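Spelled out from the first residue to the last, the chains are:
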Amino acid sequence: MRNPRTATTGVDARATGAVAATAVACLALAGCSTPAAATPGISDDVVTVGTHQPLTGPAAAGYSSISAATKAYFDHVNASGGIHDRTIEYVVKDDGYNPATTQTVVRELVQSDGVFAMLNGLGTPTHSSVLDYLDQHDVPDLFVASGSTLWDDPEGHPGTFGFNADYVVEGAALAQYATDEHPDQKVCVLGQDDDFGEEFLAGVERVTGADGVTAHESYSTSNQDVTAQIGALQAAGCETVLLATVNGFTALAVGTAAKMGWSPRWMASSSGGDYPTLVELLGEDVAPTLLEGFVSANYLPFGPDGEWVELFRQINDEYNDGAPFDGNTVYGMSVGYLFAEALAQAGENPTRESLVQAIESGELVGNGILPLSFGADDHSAFDGVGITVVADGVQDYVGATYALDGESVTAVEPQPVALENDGVPTS
Amino acid sequence: MTTTRPAGPALRPAGRLTRTQRILVRAALLTLLAIAATFLLDPYRNYQLAVVAATFCATSGLTLLVGLTGQLSLGHAVLMAAGGYGYALAVNAAAGAGLDGDGVAALVRVVVGLVGALVASGAVGGLLGLAGARLRGPYLAGLTLAMVVALPALATQVPALGGDQGLAVPFEAVPEALSRLVVVEQWHAWLAIVVAALAVTPLAVLRSGRAGLRMRAVHGDETAARLAGVSPARVKVGAFVASSLSAGLGGAVLCLVTQSVGPGRYDLAFSLLLVVAAVVGGLGSLGGAAAGAALVVLLPWLVDTVTGAVGVPADLEQRLSGNLAVLVFGALLIVVTLAWPGGLARATARRRAPVPGPDPSSRPPTRARTDAPAPTER
């Protein structure tokens, strides 16, 4: 009986010793893990920014070209000497449009790659899963690629700024256009089953009233079949269908309706209304017929013969291997331009604080068709959108432009920004 | 490592510490060691460590279930998801009821969330276990597989689960008193390690005690077990529930660390990877389960790092993204089963102790390995 006892006492003694040693080690090492004070991602000649994008997965079809366009624009800026003599390095991580992956890659960007700021993280479900994380680490979270109203929360998330016109604005503007152009028609909504669809519907209902929407259907991105929803809309006798859909599902909705021999008037959010992308998805042969008269909201310079588009086409040819030029290209480059402008205004030696201050100053101009609405108490980029229509295979603005002013939608004049200095901002 | 070879109850005279106490001491030591290790890691590694700890909760439950009772579950991701959703619902309810502050309120909120996770995963696991006790081999595997496939549809159809977007939970910041000492990832890693210890230690106790013997008996020969007065159905359901609770805590940890739970994380590939982790680590071995969990979390990242460093062309890299890791897992599984049929745990155990002792755990698991072929069908 003696031996086992001494043995177990030995275990006890060893345990105590190990615990004590561990405690000492904890204290000794405690100094190593406190956060550093210097501004991450800024060196003497490089500014590193990061993003999460759906390069693979369900949303890749519509959006994977955005980050390539942004990168091409930054190459253009870098070739002209950069901003305050620093070149911009853009680290793109694929999250497959899966929030779980977003959380991992964003941590990698912030902690391993040490980015200065996040730029244009794409998607509502994906980006909302890292919102608090970025706030906790004081990482500027600029120009989120989604129209959710979540990004406009200066109190809760002081470093987060949106880029898209929010879905409430888009829904309201499209509904207003529908009622202005075709009064007394049955207006219906097909939306994604998340914030995108809900906020868009809320915007539509601000114009039509809660019972002004004849039918409302929703879809889930995990189910690539909208036959039931389209059938329900057709049965409800819808004449105009407002779409809160991503590009892939806009094509799916239009295609499914066409198969069922139904052709209502389609009006899509800017997130799902890019004509070249839709043509690619639906096929060159049928798309021009199916999409003639297709209405969409937009807020970026997309007219076929504008000076911005001309510049972006040049950049696309030079730095993006002449990839197909579509709304995503304009979008990606516009995001890049706005970031370059913010960085230029943030001073010779930018810090995370000065970058956020530069945006909140309200002095950024951007390149949209309406003035930016950024300010200390407004973190959304656009309060209004213009209406584009596809005519003879060309998508262009028709002049109708709406802004959401509090509760009411008003028609406003577009105020395009003139192109200066070859599209490279100077402070 | 925790409990690779529990001491046989009848072979050693009662010392001052009982078998259970020894397990507890060892668990406490390992927990402290893991917490100390977080000081050596940078924040991103600490985040990975937290995810490993969460995965370890699931793989340890699974390895026990498959290794000891021979019940093959391909759906442990669903049990993790159940835990995650249970955590999110409970935490949000608690936050809504006034527990939305920092400090003590935050800790109480987390505990409420963990209880929610236990309730949810226990309920789902109990139901699955009841069905599983009547099913054998491939049929149970099929049932659990169907659960994984059904999860996204279920999350979309039940409004309370928040669709593809899932549910968000409040961010758990570092408590005021510790905020000068640790960053948030490290704090989360601590929480994850403690929860993992709370999840796995009971499994270790269970495994080394009578329950473990009953499980082995049922796995070895149900009729013989029944003749000896052991109820196979009860043992099987019990094992399934225990394993579910542990997986549920893992899901809760993931939810806590990432502030959200959604069907995207718990897909079929992840569920199968959990099985691969248990098999590669060595069925029935908790140390092996830990190694397997680390593999599941770190291998995709390692593969990405390597492909990034080698400088693969962008379009090829995009095509490989996500797929290459699965391929490596497959290859690893084949290599390990060929070289060490008992998994990594057996390989190291054999090197450490070449003479097999009269350890009651050493025989039945060997059987378990030979007649549990399904996991390798991946």
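This one's a predicted model, so the numbers in the text were calculated from it and none came from an experiment.

Draft legend 1. Up close: the overall build of chain B. For chain B, the helix and strand inventory stands at 15 helices and 2 strands. For chain B, the share of sequence-separated contacts (at least 6 apart) that also reach a separation of at least 24 residues comes to 78%. When the accessible area of chain B is evaluated, it comes to approximately 16100 Å², of which 68% is carbon and sulfur surface.

Draft legend 2. Highlighting the packing of helix 3 (residues 76-96) of chain B against helix 10 (residues 268-281) of chain B. Residues and elements named next belong to chain B. In the contact formed by helix 3 and helix 10, the axes pass within 7 Å of each other and the chain directions differ by 110 degrees. With respect to helix 10, the element helix 3 is oriented roughly perpendicular. Here helix 3 contributes His76, Ala77 and Met80 to the contact with helix 10, which in turn contributes Phe270, Ser271 and Leu274. Looking at the contact of helix 3 with helix 10 residue by residue, the classes come out as 4 nonpolar, 2 polar and no charged.

Draft legend 3. Quick look at the state of the cysteines. Residue and element names in this part refer to chain A. Per the stated rule, a full pass over the model turns up 1 disulfide over all chains. Here Cys188 pairs with Cys238 through a disulfide, and the sulfurs are 2.0 Å apart. Looking down the S-S bond of the Cys188 and Cys238 bridge, the torsion is -90 degrees, so its handedness is left-handed. You can see Cys188 sitting in strand 6 (residues 187-192) and its partner Cys238 sitting in the loop between helix 9 (227-235) and strand 8 (240-244), a full 50 residues away along the chain.

Draft legend 4. Focus on helix 1 (residues 19-37) of chain B. Counted at 1.5 Å a residue, the expected span for helix 1 of chain B with its 19 residues is 27 Å, and the 27 Å between its end C-alpha atoms agrees. Within helix 1 of chain B the residues assigned to the buried category are Ile23(B), Ala27(B), Thr31(B), Ile35(B) and Ala36(B).

Draft legend 5. Structural context of the sheet that holds strand 3 (residues 117-119) of chain A. All names here are of chain A. With respect to topology, 5 strands assemble into an open sheet ordered 2-1-3-4-5, the strand pairing being parallel. The outermost strands of the open sheet, each flanked by one partner alone, are strand 2 (87-94) and strand 5 (160-162). Taking each pair of neighbouring strands and ignoring which way they run, the sheet shows an average axis angle of 20 degrees. Across 2 bridges, the pairing between strand 1 (residues 46-53) and strand 3 is parallel. Across the sheet, Gly50 pairs through a bridge with Met118, a residue of strand 3. Here helix 4 (residues 99-112) sits on the sheet in contact with strand 1, strand 2 and strand 3, set at roughly 150 degrees to strand 2. Relative to strand 4 (residues 141-144), helix 14 (residues 327-345) is tilted by about 150 degrees, and along the sheet it contacts strand 1, strand 2, strand 3 and strand 4.

Draft legend 6. Structural detail: the UniProt feature "transmembrane region" (unreviewed entry) in chain B. Residues and elements named next belong to chain B. Per the UniProt record, "transmembrane region" (unreviewed entry) is annotated on residues 23-41, 47-67, 74-95, 107-130, 137-155, 187-206, 272-303 and 323-342. Taken end to end, residues 47-67 is 100% helix and 0% strand, and its first and last C-alpha atoms sit 29 Å apart. A helix fraction of 88% and a strand fraction of 0% characterise residues 272-303, whose end C-alpha atoms lie 19 Å from each other.

Draft legend 7. Inspection of helix 3 (residues 66-79) of chain A at higher detail. All names here are of chain A. In this model helix 3 runs 20 Å from its N-terminal to its C-terminal C-alpha over 14 residues, within 8% of the 20 Å that 1.5 Å per residue would give. Taken together, the buried positions of helix 3 are Ile66, Ser67, Ala69, Thr70, Ala72, Tyr73, Phe74, His76, Val77 and Asn78. Where helix 3 terminates, the next one or two residues include Gly81, which has phi positive at roughly 105 degrees.

Draft legend 8. Inspection of the pairing of strand 12 (residues 394-405) of chain A at higher detail. Residue and element names in this part refer to chain A. With 7 bridges connecting them, strand 11 (residues 384-391) and strand 12 associate as antiparallel partners. Each bridged residue has a counterpart across the sheet, and for Thr388 the counterpart in strand 12 is Tyr397. The hairpin formed by strand 11 and strand 12 contains 2 residues between the paired strands, and Asp392 there has a positive phi angle of roughly 50 degrees. The hairpin turn running from strand 12 into strand 13 (residues 408-411), its antiparallel successor, is 2 residues long, and Gly406 in that turn takes a positive phi close to 65 degrees.

Draft legend 9. Broad picture of the nonpolar core. Ranked by internal contacts, the top residues of the largest apolar core, which has 109 residues, are Phe143(A), Leu242(A), Trp266(A), Leu291(A), Phe339(A) and Leu355(A). Element by element, the count of residues in this core is highest for helix 14 of chain A, at 11 residues. Inspection of this core shows a minimum of three residues originating in each of domain 1 (46-165 + 302-382) and domain 2 (167-298) of chain A. Those residues within four positions of Phe143(A) in sequence are excluded, and the remaining contacts are Leu119(A), Asn120(A), Phe161(A), Gly162(A), Phe163(A), Val335(A), Leu338(A), Phe339(A), Ile359(A) and Phe374(A). With 95 residues, the next largest nonpolar core counts Val52(B), Leu72(B), Tyr85(B) and Leu203(B) among its residues.

Draft legend 10. Just the environment of Val257(B), in detail. Structurally, Val257(B) can be placed in helix 9 (residues 232-258). Through-space distance from the C-alpha of Val257(B) to that of Val51(B) is 7.9 Å; in sequence the pair is 206 residues apart.

Draft legend 11. Expanded view of the packing of helix 7 (residues 167-181) of chain A against helix 8 (residues 195-208) of chain A. Residues and elements named next belong to chain A. Contact geometry for helix 7 and helix 8: axes closest at 7 Å, N-to-C directions at 40 degrees. The orientation of helix 7 relative to helix 8 falls into the category oblique. Judged by the sense of rotation from one axis to the other, the crossing of helix 7 with helix 8 is right-handed. When helix 7 is examined against helix 8, the residues Tyr167, Val168, Glu170, Gly171, Ala172, Leu174, Ala175, Gln176 and Thr179 are found in contact with a partner set consisting of Phe196, Glu199, Phe200, Gly203, Val204, Arg206, Val207 and Thr208. Residues that form the contact of helix 7 with helix 8 fall into these classes: 9 nonpolar, 5 polar and 3 charged.

Draft legend 12. Focus on a nonpolar patch on the surface. A surface patch of nonpolar side chains, about 230 Å² in accessible area, is lined by Val104(B), Val108(B) and Val112(B). A relative accessible area of 30% means that Val112(B) is categorised as partly exposed.

Draft legend 13. Spotlight on the packing of aromatic side chains. All names here are of chain A. Per the stated rule, a full pass over the model turns up 20 aromatic pairs over all chains. Residues Phe163 and Tyr299 carry aromatic rings whose centres are separated by 6.3 Å and whose planes lie at 70 degrees to one another, so their mutual orientation is edge-to-face. Here Phe163, found in the loop between strand 5 and helix 7, pairs with Tyr299, found in the loop between strand 10 (295-298) and helix 13 (307-319); they are 136 residues apart in sequence, far enough to count as distant. Judged on exposure class, the residue Phe163 and its partner Tyr299 are both buried. Ring plane angle 35 degrees and centroid distance 4.8 Å describe the contact between Tyr299 and Phe382, whose orientation is recorded as tilted. Residue Tyr299 is located in the loop between strand 10 and helix 13, and its partner Phe382 is located in the loop between helix 15 (352-360) and strand 11; the two are separated by 83 residues in the primary sequence. In this pair, the class of Tyr299 matches that of Phe382, namely buried. Among the aromatic residues, those joined into a cluster by ring pairs are Tyr73, Phe74, Tyr90, Trp308, Phe312, Tyr337 and Phe339. The residue whose ring lies beneath Arg107 is Tyr133, and the NZ or CZ to ring-centre distance is 4.4 Å.

Draft legend 14. Up close: the environment of Gln395(A). All names here are of chain A. Mapped onto the elements of the fold, Gln395 is located in strand 12. C-alpha separation for the pair Gln395 and Asp274, spaced 121 residues apart in sequence, amounts to 8.5 Å. Among all residues touching Gln395, those that are not within four sequence positions of it are Gly273, Asp274, Tyr275, Pro276, Ser296, Phe302, Pro304, Thr388, Val389 and Val390. At 2.8 Å, the side chain of Gln395 and the backbone oxygen of Gly273 are in polar contact.

Draft legend 15. Just the pairing of strand 4 of chain A, in detail. Residue and element names in this part refer to chain A. Sheet topology places strand 3 next to strand 4; 2 bridges connect them, and they run parallel. Across the sheet, the residue bridging to Met118 is Asp141, located in strand 4. Both strand 4 and strand 5 contribute to a ladder of 2 bridges, which runs parallel. Bridge assignment links Val144 to a residue of strand 5, and that residue is Gly162.

Draft legend 16. Up close: the confidence of the model for chain A. Residues and elements named next belong to chain A. Overall, the predicted model of chain A reaches an average pLDDT of 86, with 91% of residues at or above 70. Counting interchain partners and residues more than four positions distant, the pLDDT-below-50 stretch residues 1-12 has 11 contacts. Contacts of residues 24-37 to residues separated by more than four positions or lying in other chains number 15 contacts, the stretch itself having pLDDT below 50.

So, how was this worked out
Residues numbered from 1 in each chain as written. Chains lettered and ligands numbered in written order. Predicted model: local features only at pLDDT ≥ 70, side-chain atom pairs only at ≥ 80, totals over all residues. Heavy atoms only, no water. Helix = DSSP H or I, 4+ residues; strand = E, 2+ residues; numbered from the N terminus. Contact = heavy atoms within 4.5 Å. Areas by Shrake-Rupley, 256 points an atom, 1.4 Å probe, with all protein chains shown as cover. Axes fitted to C-alpha atoms, helices over the stretch in contact; angles between N-to-C directions. Parallel < 35°, antiparallel > 145°, perpendicular 65-115°, else oblique. Nonpolar A, V, L, I, M, F, W, Y, C, P; charged D, E, K, R; others polar. Disulfide = S-S within 2.5 Å. Expected span 1.5 Å × (residues − 1). Buried < 20%, exposed > 50% of the residue type's maximum accessible area, 1.4 Å probe, protein only. Pairing = 2+ DSSP bridges. UniProt positions renumbered as here; feature names shortened; annotations may be inferred. Core = buried A, V, L, I, M, F, W, Y, C linked by side-chain atoms within 4.5 Å. Domains from an automatic or database assignment. Left-handed = near helix turned anticlockwise from the far one by under 90°. Patch = residues over 30% accessible without salt bridge, like charges linked within 9 Å, V, L, I, M, F, W, Y side chains within 5 Å. Salt bridge = Lys/Arg side-chain N within 4 Å of Asp/Glu carboxyl O. Phe/Tyr/Trp six-rings, centres within 6.5 Å; stacked < 30°, edge-to-face > 60°. Lys NZ or Arg CZ within 6 Å of the ring centre and 35° of its normal. Polar contact = N/O pair within 3.5 Å; in protein donor to acceptor, adjacent residues only side chain to side chain. pLDDT = per-residue confidence, 0-100.

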